[in-house]
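# Summary of the model geometry
Here is what each chain is made of, one letter per residue.
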Amino acid sequence: MRNATNEPETRSIQVDYLARVEGEGALHLTLQDGRVTDARLRIFEPPRFYEAFLRGRDFREVPDITARICGICPVAHQMSSCHALEQAMGVTHQIEPSVRALRNLLYCGEWIESHALHIFLLHLPDFLGYESAITMAADHAETVKRALRIKKLGNTIVSTLAGREVHPINACVGGFYRAPTPQELMALVPEIEFCLEEMCDLTLFLAATLEYPKLDQDYEFVALSPDDEYPINLGPIASSKGFRVQQQDYLNAVEEQHVPHSTALHSMIKGRGPYHIGPLARLNLNADKLHQRAADLVASVSDAVGHGLPWRNSFLSLPARALETVHALALSLEIIKAYRPPARAAVPIRPRAGVGAAATEAPRGINWHRYETDSRGLITAARIMSPTAQNQAQIEADLRKLAPQIVSLDDEKLTLACEHLIRNYDPCISCSTHFLRVHIERIAAPLDGA
Amino acid sequence: MNGGGGALVIGVGRPGFGDDALGLTAARALEPRLTGAVRVVADGTGLAALSAVEGEELLVLIDAAESGAGLPAGQWRRLRYPQDAPAFADSHLRTTHTLAVDSALAVAAALGRLPDEVWVYALAGERFAPETSLSAPVSAALCRFVEEIEADVRNWLARRLPIA
């Protein structure tokens, strides 16, 4: 299309904030000749200064400070910082197995609350064709009520172990300030048993009834991959295309790059490009380690969505997330029933100069922290790689891949399709940024001979 | 305690993010003042309204608002839901959580989970950056803000009447 001066016509449309994404950011799409010529996920909140203001703090303060990076995944930041600082203090191997189990239980609580929230209130409206959870809730009240009960249980697990639901305070470098009694944990069992059955049922419902858009992407999946358990807190970091490194060596495999359009750093596999982390990556790399209750559902879910593992479609993150919720509920039961209080809730630590780096699996993927301390245990350097920042380049690559399927849609439907795809990654942009705007720029094809 | 017909007070916000913490601060200040028929929850998000109600007849949400020409920092509005819902946009209720307070209330209403009486107290702040404390206007207003909420809740408990 040409205007009166025979210039190619450019149309810009400012769409409202993208709701249902934690944080704030913006997506700028440029469409020309029916192709996406530019896809930039922008982040316009100033960089988070946690890495700077952690310097000079006592190492014991770090877990409670980093827990405040995000209201949705505080446990992830606490656990990654605890593990990294235990390494720096040289006490990693002194952590008791029962403390490790409690940490897994705490993390299960976070997975349950975060996954239930995202699946049923933030992402399901996309699949069912609703603008928001508000309009969806009116028509699907029972499903939402069941999901809220599961989410509330996740919150209760976190508050039981960590003192409160948001910005928990009981975890510390070396363990916990106070270990729960078996009675406190056993009180959770009836509700976990109920919610486990509910989630199994809902997982099959989601797999069988939703229509998953087609997308076939040659992802490089990256996740923790311990030998003997589904990844949460421990294990080396592995990729679907071959690398396997210890947590402290993650930067040997990946690198962060500044990009002009974002204040969050883009992460790339060295010499290759974007990579995909989160539930889909964890499941594809570790399906054989799922709890039996979740493993029992994999075949039925795969049949229903029409693909066996590995799933190379980010829209299948939703059933992956559902299977992980079943896993987390079943694992919680197992941990509680086997629980014996640790001899000491926390390992005593003498401050020392040291370096430590560790990764844990936040609901949305690998959350990597690295710290250096001086002889007094004061932080001299801190580095945090949040999951959403690591997925940012992959989200842009997915948008380019999806574009041919959606480029003919009008701007409103195109925006919804992009938002839907972005939500596959459950972006927690406040870890690296805040809310998202979508900006579409269409450039008409030049006339022949112009 | 469970709801059982009393009141539920939820403070919404994030600690360490300047005035975004005021809902939590206010709720914690109210906790020892409102014992008995009132349950106080701090550290909640907008979502807390969805799952925390356990049969209460009154839900009180306390959150930070973004200051503007109509609502300078340190001043507050007391809104009723759903009657004053359109005014929420005017007061620029600020949230960094997964569902804004107004969205969470709308979902809760769609699920039939809201008590008959819902009040939202929105105190205007002026800074929300990480690693900042409450601003001077909010700090100066907080005591009177808390006293007013306490008085309103006590009045409701005594009379079980909606606020004017």
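Scroll up to find the structure.
Presented here is a report on the structure given in the accompanying data block. (Residues numbered from 1 in each chain as written. Chains lettered and ligands numbered in written order. Predicted model: local features only at pLDDT ≥ 70, side-chain atom pairs only at ≥ 80, totals over all residues. Heavy atoms only, no water.)

## So, unusual backbone geometry
Looking along the chain, the bond that leaves A:Leu309 and enters A:Pro310 is cis, with omega of 0 degrees. Here the amide bond leading from B:Tyr81 into B:Pro82 is cis, since omega sits at 5 degrees, within 30 degrees of zero. Looking at the secondary structure, you find B:Pro82 in the loop between β4 (76–81) and α3 (87–91). (Helix = DSSP H or I, 4+ residues; strand = E, 2+ residues; numbered from the N terminus.)

## Some points on the pattern of salt bridges
Residues and elements named next belong to chain A. Considering all chains together, one arrives at 28 salt bridges over all chains under this definition. The closest approach of N and O atoms between Glu193 and Lys337, which form a salt bridge, is 3.3 Å. Of this pair, Glu193 sits in helix α8 (residues 189–209) while Lys337 sits in helix α12 (residues 317–338), and the two are 144 residues apart along the sequence. With a closest N to O distance of 3.1 Å, Asp426 and Arg364 form a salt bridge. (Salt bridge = Lys/Arg side-chain N within 4 Å of Asp/Glu carboxyl O.)

## Overview of the side chain of A:Gln78
If you trace the backbone, A:Gln78 turns up in helix α3 (residues 74–89). If we skip the residues at most four places from it in the chain, A:Gln78 touches A:Pro63, A:Asp64, A:Thr66, A:Ala67, A:Pro168, A:Ile169 and A:Ala171. (Contact = heavy atoms within 4.5 Å.)

## Examining α8(A)
Residues and elements named next belong to chain A. Taking 1.5 Å of rise per residue, the 21 residues of α8 would be expected to cover 30 Å, and the 30 Å separating its terminal C-alpha atoms lies within 8% of that figure. Taken as a whole, α8 has its buried residues at Val189, Ile192, Cys195, Leu196, Glu198, Met199, Cys200, Leu202, Thr203, Leu206 and Ala207. Along its buried surface, α8 packs onto α4 (97–128), α6 (141–162), α7 (182–186), α11 (292–305) and α12. (Expected span 1.5 Å × (residues − 1). Buried < 20%, exposed > 50% of the residue type's maximum accessible area, 1.4 Å probe, protein only.)

## Brief notes about the sheet that holds strand β8 (residues 244–245) of chain A
Neighbouring strands of a sheet are bound in pairs by backbone hydrogen bonds; such pairs are parallel or else antiparallel. Residue and element names in this part refer to chain A. Taken together, the 3 strands give an open sheet; going across it, the order is β6-β7-β8, and neighbouring strands pair in antiparallel fashion. Looking at the sheet topology across the chains shown, the edges are occupied by β6 (222–224) and β8. Looking at chain direction, β6 and strand β7 (residues 237–239) are connected through 3 bridges and run antiparallel. Bridge pairing in β7 places Leu224 opposite Ile237. Strands β6 and β7 of the sheet are contacted by helix α10 (residues 279–286), whose axis makes an angle of about 70 degrees with β6. (Pairing = 2+ DSSP bridges. Axes fitted to C-alpha atoms, helices over the stretch in contact; angles between N-to-C directions.)

## Focus: the sheet that holds strand β12 (residues 365–373) of chain A
Residue and element names in this part refer to chain A. A sheet is described by the order of its strands in space; here 3 strands give the open sequence β11-β12-β13, paired in antiparallel fashion. Each edge of the sheet is formed by a strand with only one pairing partner; in this case those strands are β11 (354–362) and β13 (379–385). When the angles between neighbouring strand axes are averaged without regard to direction, this sheet yields 10 degrees. When β12 meets β13, the two strands line up antiparallel, connected through 6 bridges. Across the sheet, residue Thr373 finds its bridge partner in β13, namely Ile379. Taken strand by strand, α3 contacts β11, β12 and β13, and its axis lies near 150 degrees from that of β11.

## What to know about the packing of aromatic side chains
A full pass over the atoms with the stated rule returns 8 aromatic pairs over all chains. Taken together, the ring pairs in this structure connect B:Trp76, B:Trp119, B:Tyr121 and B:Phe145 into an aromatic cluster. A cation over a ring is seen here: A:Arg149 above A:Phe194, with NZ or CZ 3.8 Å from the ring centre. (Phe/Tyr/Trp six-rings, centres within 6.5 Å; stacked < 30°, edge-to-face > 60°. Lys NZ or Arg CZ within 6 Å of the ring centre and 35° of its normal.)

## Quick notes on the environment of A:Phe120
Residues and elements named next belong to chain A. In this structure, Phe120 sits in helix α4. Residue Phe120 is classed as buried on the basis of its relative accessible area, which comes to 1%. Taking the C-alpha atoms as reference points, Phe120 and Ala147, 27 residues apart in sequence, are found 6.4 Å from one another. Setting aside anything within four residues of it in sequence, one finds Phe120 in contact with Pro125, Met136, Thr143, Ala147, Met199, Leu202 and Leu206.

## Some points on the environment of A:Gln390
Residues and elements named next belong to chain A. If you trace the backbone, Gln390 turns up in helix α13 (residues 387–406). Owing to a relative accessible area of 0%, Gln390 belongs among the buried residues under this scheme. Through-space distance from the C-alpha of Gln390 to that of Pro274 is 8.3 Å; in sequence the pair is 116 residues apart. Once residues within four sequence positions are removed from consideration, Gln390 is found in contact with Tyr250, Ser267, Tyr275, Ile277, Ile366 and Met385.

## Notes on α12(A)
Helix length check: α12(A), at 22 residues, gives a terminal C-alpha distance of 31 Å against a target of 32 Å (1.5 Å per residue), a fit within 8%. The buried fraction of α12(A) amounts to 19 of the 22 residues, a majority that puts the element mostly inside the structure.

## As for the packing of α13(A) against helix α14 (residues 411–423) of chain A
All names here are of chain A. Axis separation between α13 and α14 bottoms out at 10 Å; the angle between their running directions is 145 degrees. Crossing handedness for the pair α13 and α14: right-handed. In contact with Ile395, Asp398, Leu399, Leu402 and Ile406 of α13, α14 contributes Leu414, Ala417, Cys418, Leu421 and Ile422. Looking at the contact of α13 with α14 residue by residue, the classes come out as 9 nonpolar, no polar and 1 charged. (Left-handed = near helix turned anticlockwise from the far one by under 90°. Nonpolar A, V, L, I, M, F, W, Y, C, P; charged D, E, K, R; others polar.)

## Some remarks on the environment of B:Asp63
All names here are of chain B. Residue placement: Asp63 occurs in strand β3 (residues 58–66). Relative accessible area serves as the criterion here: at 2%, Asp63 is assigned to the buried category. Through-space distance from the C-alpha of Asp63 to that of Ala27 is 9.7 Å; in sequence the pair is 36 residues apart.

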